[in-house]
Amino acid sequence: LLMGIFGGDSTHLHSWGGLFVQDVLVPLRKKPFEPKQHIRALRLSSAGVAVFAFLFGCFFRQTEYIFFWWTITQTIYIGGAGAAIIGGLYWKKGTTVGAWTALFTGSTLAVGGILARQVYGDAFPLNVVQVSFYATLLAIASYVLLSLLTNKEDFNLERMLHRGKYAVIREQVGEMVKPSARRKVWLGRLIGFDENFTLGDKWISGSLLGWSVFWFVVFIIGTVWNLAVPWPLHAWSAFWHVTSIGLPICFAVITAIWFTWGGLRDMRALFRRLREQQVNHLDDGTVVGRQNLDEAALPPANLETRKPS
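Not measured: the values here are computed from a predicted model.

Caption draft 1: Fine view of the overall build of the protein. Scanning the protein from N- to C-terminus turns up 11 helices and two strands. Helices and strands appear in the protein in the N-to-C order α-α-α-α-α-α-α-α-α-α-β-β-α. Among the 309 residues that make up the protein, the fraction classed as buried is 22%. Looking at the protein alone, contacts between residues at least 24 apart form 70% of all its contacts between residues at least 6 apart. Carbon and sulfur atoms provide 69% of the accessible area of the protein, an area that totals close to 22100 Å².

Caption draft 2: Highlighting the packing of helix H4 (residues 96-120) against helix H5 (residues 128-150). Axis separation between H4 and H5 bottoms out at 8 Å; the angle between their running directions is 160 degrees. It follows from the interaxial angle that H4 and H5 lie roughly antiparallel. As H4 packs across H5, the resulting crossing turns out to be right-handed. Taking contact as the criterion, the partners of Val-97, Gly-98, Ala-99, Thr-101, Ala-102, Thr-105, Gly-106, Leu-109, Ala-110, Gly-113 and Arg-117 in H4 are, on H5, Val-128, Val-131, Ala-135, Leu-138, Ala-139, Ser-142, Tyr-143, Leu-146, Ser-147 and Thr-150. Along the lines of polarity and charge, the residues of the contact of H4 with H5 split into 12 nonpolar, eight polar and one charged.

Caption draft 3: Region of the structure containing helix H3 (residues 66-90). The largest bend along H3 reaches roughly 50 degrees and is located at Thr-75. Of the residues making up H3, those classed as buried are Trp-69, Thr-71, Ile-72, Thr-75, Tyr-77, Gly-79, Gly-80, Ala-81, Gly-82, Ala-83, Ala-84 and Gly-87.

Caption draft 4: Expanded view of the nonpolar core. Core analysis: the largest hydrophobic core is formed by six residues, namely Trp-69, Ile-72, Ala-110, Ile-114, Val-128 and Val-131. Mapped onto this core, the elements with two or more residues apiece are H3, H4 and H5. In this structure Ile-72 touches Ala-110, Ile-114, Val-128, Val-131 and Ser-132, once residues within four positions along its chain are discounted.

Caption draft 5: Structural detail: the pattern of salt bridges. Counted by the stated rule, this structure contains three salt bridges. The salt bridge involving Asp-154 is made with Lys-92; its shortest N-O contact spans 4.0 Å. Of the two residues, Asp-154 is situated in the loop between H5 and helix H6 (157-160) and Lys-92 in the loop between H3 and H4; the sequence distance between them amounts to 62 residues. For Asp-154, a relative accessible area of 35% puts it in the partly exposed group. Since its relative accessible area comes to 43%, Lys-92 is described here as partly exposed. Between Asp-266 and Arg-265 there is a salt bridge, with its nearest N and O atoms 3.1 Å apart. With relative accessibility at 41%, the residue Arg-265 sits in the partly exposed group. Through salt bridges with shared partners, one network takes in Lys-92, Lys-93 and Asp-154.

Caption draft 6: Representation of the side chain of Ser-147 in the model. With respect to the helices and strands, the residue Ser-147 is situated in helix H5. In contact with Ser-147, not counting residues within four places along its chain, are Trp-91, Lys-93, Gly-94, Thr-95, Gly-98 and Ser-142.

Caption draft 7: Quick peek at the packing of aromatic side chains. Taken as a whole and assessed by the stated rule, the structure comprises 17 aromatic pairs. Centre to centre, the rings of Trp-231 and Trp-236 are 4.8 Å apart; their planes meet at 50 degrees, and the pair counts as tilted. With relative accessibility at 31%, the residue Trp-236 sits in the partly exposed group. Ring centres 5.0 Å apart and planes at 80 degrees place the aromatic pair Phe-239 and Trp-240 in the edge-to-face group. Taking relative accessible area as the criterion, Trp-240 reaches 46% and is therefore assigned partly exposed. Each residue in the set Trp-225, Trp-231, Trp-236, Phe-239 and Trp-240 is aromatic and connected to the rest through ring pairs, giving one cluster. The ring of Phe-33 carries Arg-29 above its face, with NZ or CZ at 4.1 Å from the centroid.

Caption draft 8: Region of the structure containing the environment of Pro-27. Tracing the backbone through its elements, the reader meets Pro-27 in helix H1 (residues 2-28). Residues Pro-27 and Thr-286 lie 259 residues apart in sequence; the distance between their C-alpha atoms is 6.7 Å. Ignoring any residue separated from it by four or fewer positions in sequence, one finds Pro-27 in contact with Val-21 and Gln-22.

Caption draft 9: Quick peek at the confidence of the model for the protein. Of all residues in the protein, 88% have pLDDT values of 70 or greater, and the mean over the chain is 82. Note that pLDDT drops below 50 for residues 304-309; the model gives that stretch seven contacts with residues more than four away or on any other chain.

So, how was this worked out
Residues numbered from 1 in each chain as written. Predicted model: local features only at pLDDT ≥ 70, side-chain atom pairs only at ≥ 80, totals over all residues. Heavy atoms only, no water. Helix = DSSP H or I, 4+ residues; strand = E, 2+ residues; numbered from the N terminus. Buried < 20%, exposed > 50% of the residue type's maximum accessible area, 1.4 Å probe, protein only. Contact = heavy atoms within 4.5 Å. Areas by Shrake-Rupley, 256 points an atom, 1.4 Å probe, with all protein chains shown as cover. Axes fitted to C-alpha atoms, helices over the stretch in contact; angles between N-to-C directions. Parallel < 35°, antiparallel > 145°, perpendicular 65-115°, else oblique. Left-handed = near helix turned anticlockwise from the far one by under 90°. Nonpolar A, V, L, I, M, F, W, Y, C, P; charged D, E, K, R; others polar. Bend = angle between axes of the 7 residues up to and from the residue. Core = buried A, V, L, I, M, F, W, Y, C linked by side-chain atoms within 4.5 Å. Salt bridge = Lys/Arg side-chain N within 4 Å of Asp/Glu carboxyl O. Phe/Tyr/Trp six-rings, centres within 6.5 Å; stacked < 30°, edge-to-face > 60°. Lys NZ or Arg CZ within 6 Å of the ring centre and 35° of its normal. pLDDT = per-residue confidence, 0-100.

The structure is reproduced here in structure tokens:
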């Protein structure tokens, strides 16, 4: 349980603090951070997230069910940034204007929904889950529309992701490359297996995908079933007793052992990899001329000279 707390709270602090520095401060700065400045900014940002969370928890009046609250708070960032992240990785016509518009649209509508529920309560016509849904849809639509209106040149996704003829960049910027001799099966490609996945990683990732697909199927069957023949109260009570009490207790016992053993093992592996990792201070998230700063510093002739093995 202690490892679970470390993994949960520290990940939240580091994730949100890092998002603010990397996605807001770094793009807005005209001069890149020095390494020590960058670390200091990340530490202060993480501390700021912790202080905000503490004060928010002390003074905010809770008016929603916990699940509803999780949904709307995720939307503040995910509603807009999700469109930008997915679009940026998979759509060559995405632009910076589209990304910022999606982010502001999703976050503004989500925060507006929270404030409206604070002021008007149940008199407001939408609950926060509905607000989250519409905010996300409008963020996606704004990303697509503004990107199409402002796109002047398709982005080179192959270069950004170091694929194809640009795979040589991975070695030049210090990434640890371990080519896999095995041919990937279609399911592995779908999940995203690469050379960094151990056999255990593949089992875990595949199991998580299977678990999500299973509950999606349950959702579809349950929805159709209840539209045709609604379940009585005692059936719903039994369903939630199993899914919300029985299963979580079983998983709590398993993960308590798993996180304790795996957390200690992975911490040792982390420090071992850090000693072997090549440190490139230019790899700080700064983008120059539509390229990462560490890539922009490479001699152009070296980028396309050989294909990946």
